[in-house]
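# Residue-level structural notes
The residues making up each chain are set out below.
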Amino acid sequence: MTTDRPDHTPAAAAFDIEQAQRRVATAGTPLLRTEDVAVAAAAGRVLAEPLPVPPEMAGGTVLDAGLRLQGRHLPQIACLGRPTVRVFERLKVGVLPLGPAAGPERTCHGLGGPVLASLLGGLGASALAAPSLTADKDALQPLLDMLLKESRLVLISGAVTPRRQQQVDEALVARGASLAEWRLCDDLGARLKVATLGDRLVICLPWGLAEAFKTFVLLVTPAIRHLQGRTDLLPASRAATLRRPQRQAPVKGRFLWAQETDRRAEIALQPAHAATPGAGIARADGIARGTANSVFGDVVDVHYYPFSNWLQ
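Residues numbered from 1 in each chain as written. Predicted model: local features only at pLDDT ≥ 70, side-chain atom pairs only at ≥ 80, totals over all residues. Heavy atoms only, no water.

## Describing the packing of aromatic side chains
With the rule as written, the count across this model stands at 4 aromatic pairs. Ring centres of Tyr-305 and Trp-310 lie 5.3 Å apart, and the angle between their planes is 85 degrees; this geometry places the pair in the edge-to-face category. These aromatic residues form a ring-pair network of at least three members: Phe-213, Trp-257 and Phe-307. The residue whose ring lies beneath Lys-214 is Trp-257, and the NZ or CZ to ring-centre distance is 4.9 Å. (Phe/Tyr/Trp six-rings, centres within 6.5 Å; stacked < 30°, edge-to-face > 60°. Lys NZ or Arg CZ within 6 Å of the ring centre and 35° of its normal.)

Here is the structure:
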């Protein structure tokens, strides 16, 4: 067992999101097998070879390997006169939800299997979801073995208490995994546990629903893109201005839900708040990043990660 703990203080000021994104993104090893699919079925797949611009489409753009194809790319491919296109095999992601043994808030612990399956589908990956695991320690190892055998990436989410995390760690170490624990800021769950086992990657998402969702968007999606063979590991994000809605008290934090508003040339954002984490996510268009210990007052300059870029 090896454990990697960078020399960071737990304070939010020590957390570098760009460094964390790069480290998690490149932790896994892509196994880039290819297959030929019909052009009509190529949308959403990752191109495995560059495609030239047809002569009749002067001014077009070469479609490079590592591009996730969209419907708008298919007419250019069709003009090449080829019935199929070579793409990378679809990434398989195992999902192991850890359910609490009891309690009324069982649905608010982390991201459940159906939620993760939906998010993974939007990214062009396929999910292999295990049944929710409660307090049965003996059932953990066979489920983990099954997911590691069938998937390139395994996501563990739900009620990841310290005791459950220890059980997961022991099961991974018993299989020869190398473990790394990276400190994050509190908005992302404080710590992220990552394990590598050969060419397999395991990521344990934080316990809280809001923290797990933010961590998935900002840190797990770059890792998925890397394993898919995509070249755009970090989707487009941008600087923006966040405005506090009237009659709302200032909010302190580092990564907050944000809603887009239409204010001509100025991109204005508003913190989206609700009584429950799930409702806050549903109302948000993306995540706004402030500086360490930002107080989101009337107008604050932030960096914005729109879901429209980061969840596709």
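Right, picking up where we left off after that structure.
## What about helix α3 (residues 113-122)?
Within α3 the residues assigned to the buried category are Gly-113, Leu-116, Leu-119 and Leu-120. For α3, the angular spread of the buried residues around the axis is 130 degrees, confining them to a single face. In α3, those exposed residues whose orientation departs by more than 90 degrees from the buried face are Pro-114 and Ser-118. Buried-residue contacts for α3 involve β4 (92-98), β5 (126-129), β6 (153-158) and α6 (209-228). Just beyond α3, the residue with positive phi is Gly-124, at close to 90 degrees. (Buried < 20%, exposed > 50% of the residue type's maximum accessible area, 1.4 Å probe, protein only. Helix = DSSP H or I, 4+ residues; strand = E, 2+ residues; numbered from the N terminus. Arc of directions from axis to C-beta. Contact = heavy atoms within 4.5 Å.)

## With respect to α6
What sets the pattern is the α-helix's 3.6 residues per turn: residues three or four places apart point alike. Approximately 45 degrees is the largest bend angle found in α6, and it occurs at Val-220, with the proline Pro-222 only one to four residues beyond. Among the 20 residues of α6, 19 are classified as buried, and the element is accordingly described as predominantly covered. Directly beyond the C-terminal end of α6, a positive phi value near 90 degrees is found at Gly-229. (Bend = angle between axes of the 7 residues up to and from the residue.)

## Structural notes on the environment of Thr-241
Assignment of secondary structure puts Thr-241 in strand β10 (residues 238-243). A sequence separation of 59 residues divides Thr-241 from Val-300, and the C-alpha atoms of the two residues are 5.8 Å apart.

## Description of the pairing of β4
Burial runs high along β4: 6 of the 7 residues are buried. Pairing of β4 with β5 involves 4 bridges; the strand directions are parallel. Paired with Val-93 across the two strands is Ala-127, which belongs to β5. When β4 meets β6, the two strands line up parallel, connected through 6 bridges. Residue Val-93 lies in a different strand from β6, and its bridge partner there is Leu-153. (Pairing = 2+ DSSP bridges.)

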